Amino acid sequence: MKRLSLIPCLIGCCYVFDAEAQTDSLKTRLDSTKVYTTAHVEGEPPKIDGIGNDPAWEQVQWGGNDFRQLQPDAGAAPSAQTVFKILYDAKNLYVLARCFDPDPSKIVRRMSRRDGFDGDFIEINIDSYYDKRTAFSFTASVSGVKGDEYVSNNGSDWDENWDPIWYLDTSIDSLGWVAEFRIPLSQLRFADKPEHVWGIQFTRHFFRNQERSNWQFIPPTANGWVYMFGELHGIKGIRPQKQLEIQPYVVAKTERFEPEKGNPFMTGKSSDVAVGLDAKIGITSDITLDLTVNPDFGQVEADPSQVNLSAFELFFQERRPFFIEGNNTLNFPTSQDSDNNLFYSRRIGRSPQGYVDTDRSGSDAVNEYVRSDARTTILGAAKLTGKNKHGFSWGILESV
């Protein structure tokens, strides 16, 4: 009741000091939800070549042309408009985006690693759960670099370690530049029902003006992101796809070093062969099983050096693919903007905590030698994550 009684006072103050600005702000926040209606591909699906002239695209109308700036001038018209088309079939979602540019020769086209958003780009966010909390993000730079992130907690968490399989091509022409996407439905998660409504959002970055614009305008002061998306209508008759990805590996290595007389572990040469695999299995549209057998983390970057002068454990950022992909379900930071986590996965596979005490100076210990491992071997691990129809997320992790 106290909160309700304060509202008239606050509104009254705003009206006295800046009534016009308050009215404009309310109009900005209360924009109606935009809707784009897609269609099922009839005949040949569009070829993903970055040109967008396939007859299939004539089956739907252009959407967009009413983007609004998010930055730097929130709510204003952008320097150049953007339009898009969306089609689908039983296996894929197709997206065509045309980014107009008054001077295509000045388009900033830079190459980078995956998830490197440098230069001009167009991004689509898809809330296929339609839970207004999570989304799948696909970004196309004008140079053809892909970016993809799993969005959770209504836009508070963006997991760039999510790397789905999808296809992209881009081109520059006299009107600006074009991006064509083909997103397999197996990379999305959605319910099994006759007709779907998905949340959808487009974001364009106009690099040389340092300008970002959205299709469904969301004020920078909004308390969230996904819940304010526009809507994608017209998807009918699709079924959740079974996802199965298996990545086997074989690693052979030989190491040479100075031999040590009498030490069976220091013979001057060491050879080893490791075999393992990573797998991702979509059990249902809402439950995913990640597996790893004898994982190889040889390509994971090293931790920065730290000197611990305290009595407390050092916390390092998780870098191993199995543990970071989809870790938002098991992520419970102790404070905002903190790497400390109630669940600290780096303890799995850390250096062995025990040691062997040998007295090399004693007469009965002259033939004792020790080979200690820098890391505990992970024989296998499994992670089961899912979400029910009410939006409740859960996860189970087991390792050996």
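Structure: above.
Scope of this entry: the structure provided in the associated data block. All values derive from a computational prediction rather than experimental measurement. (Residues numbered from 1 in each chain as written. Predicted model: local features only at pLDDT ≥ 70, side-chain atom pairs only at ≥ 80, totals over all residues. Heavy atoms only, no water.)

## Describing the sheet that holds strand S17 (residues 269-282)
Pairing in this open sheet of 5 strands is antiparallel, and the strands run S16-S17-S18-S19-S20 from one edge to the other. Looking at the sheet topology across the chains shown, the edges are occupied by strand S16 (244-256) and strand S20 (393-399). With direction set aside, neighbouring strand axes in the sheet form an average angle of 10 degrees. Of the pairings in the sheet, the one linking S17 to strand S18 (residues 287-293) comprises 6 bridges and is antiparallel in character. If you follow Leu-277 over to S18, its bridge partner there is Val-293. (Pairing = 2+ DSSP bridges. Helix = DSSP H or I, 4+ residues; strand = E, 2+ residues; numbered from the N terminus. Axes fitted to C-alpha atoms, helices over the stretch in contact; angles between N-to-C directions.)

## Considering empty space enclosed by the protein
Per the counting criterion, the structure on display carries 2 cavities of 30 Å³ or more. Considering only enclosed or pocket space, the largest cavity measures out at about 40 Å³ in volume. If you trace the largest cavity, you find it lined by Leu-188, Arg-189, Phe-190, Pro-240, Gln-241, Gly-282, Thr-284 and Ser-285. Here the residues of the lining of the largest cavity sort into 3 nonpolar, 4 polar and 1 charged. In this structure, the second largest cavity encloses a volume near 30 Å³. Forming the boundary of the second largest cavity are Asp-127, Tyr-130, Lys-132, Gly-199, Val-226, Tyr-227, Met-228, Phe-229, Gly-230 and Glu-231. (1 Å grid on protein atoms, 1.4 Å probe; cavity = no way out; pocket = protein on both sides within 12 Å on 5 of 7 lines; lining within 4 Å. Points joined across faces, edges and corners; volume = space filled by probe spheres on them. Nonpolar A, V, L, I, M, F, W, Y, C, P; charged D, E, K, R; others polar.)

## Digging into unusual backbone geometry
With an omega of 0 degrees, the peptide bond running from Gln-71 to Pro-72 counts as cis. By the element assignment, Pro-72 lies in the loop between strand S4 (68-71) and strand S5 (82-88). One non-glycine residue, Lys-132, lies in the positive phi region at around 60 degrees. Following the sequence through the fold, Lys-132 ends up in the loop between strand S7 (121-127) and strand S8 (135-141). Take Lys-132: its relative accessible area is 33%, and that puts it in the partly exposed class. (Buried < 20%, exposed > 50% of the residue type's maximum accessible area, 1.4 Å probe, protein only.)

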